[in-house]
Amino acid sequence: MPCGRPTEHQAPLDDQRIAYELHRSPRRRKSITVTVEDNSVRVLAPLRTPQRTIDEFVRRRTNWIAQRLDAEQPRGLRTELCDGGRLPLLGVVYPVVAEPASFHFDGLQFLADLSRPDCAARAERWLRNFARVHFTSRVEHWSPVVGASPERIQIRDQKTRWGSASALGTLSFNWRLIFAQPEMVDYVVVHELCHLLEPNHSAAYWRLVNESMPDAQLWRRRLRDVGASLAW
């Protein structure tokens, strides 16, 4: 059994962090274990295990943790697909109105055939397409500022990241970011573009981010604060 009071920690993962409750036990010799229960992540580690070792252990299990958390949580913004519901688009919340037509946005409201069993799938498809157009536009805007251009842009459903950059020059963005404010989208775009020049989170990398977007850290913090509310 763990001894002493548990402490709260966050393991870094690009622009998101995995919050977990850490228990250190003098009886545990080597192994670190992680459990997910009641929407909480609990880590049990030997008493003298370095914090960076624990963080790395949690980071390597992010996909498993995300799957378990996702299984425990109710669906997010998808539950707003009802007459009178409200969905955000680039930080602005719009009403959802029932209409016998394919899901679309008329500039003032979302119109959806709520009687269709595939309504959520249609909505997600529309939102993904909108995200592709918007993210591509923002990459084109920020590329000359950063001094880097991607080979390809992908829109994905990443469970634990808002974006990523591959060694081959592909930028991937989480489509759910389209719910966030435009400045948060821009921050993630800048973050990933800078990775094309600096592949890790070194001092040189963060210097490039801050030079390219002076208020980057403000929007980084705000995205962390609202990230959980952008679930679909």
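Residues numbered from 1 in each chain as written. Predicted model: local features only at pLDDT ≥ 70, side-chain atom pairs only at ≥ 80, totals over all residues. Heavy atoms only, no water.

Time to look at helix α3 (residues 119-146). When the terminal C-alpha atoms of α3 are compared, their 39 Å separation across 28 residues agrees well with the 40 Å that a helix rising 1.5 Å per residue should span. All of the buried residues along α3 are C119, A123, E124, L127, A131, H134, F135, R138, V139, W142, S143 and V146. Where the residues of α3 are buried, they touch β5 (86-89), β8 (110-112), β9 (152-156), β11 (170-174), α4 (182-195) and α5 (203-212). (Helix = DSSP H or I, 4+ residues; strand = E, 2+ residues; numbered from the N terminus. Expected span 1.5 Å × (residues − 1). Buried < 20%, exposed > 50% of the residue type's maximum accessible area, 1.4 Å probe, protein only. Contact = heavy atoms within 4.5 Å.)

This part takes up the packing of α5 against helix α6 (residues 216-226). Axes are the key here: two packed helices are described by the angle between their axes and the distance separating the axes. In contact at an axis separation of 8 Å, α5 and α6 are set at 100 degrees when each is read in the N-to-C sense. When the axes of α5 and α6 are compared, the pair comes out roughly perpendicular. Contact residues: α5 offers W206, V209 and N210, while α6 offers A216, Q217 and R220. (Axes fitted to C-alpha atoms, helices over the stretch in contact; angles between N-to-C directions. Parallel < 35°, antiparallel > 145°, perpendicular 65-115°, else oblique.)

This paragraph deals with the state of the cysteines. One pass over the full model with this rule turns up zero disulfides. C119 carries a free sulfur, and the closest cysteine sulfur to it, the one in C82, is 10.0 Å from it. C119 gets classed as buried once you look at its relative accessible area, which sits at 7%. (Disulfide = S-S within 2.5 Å.)

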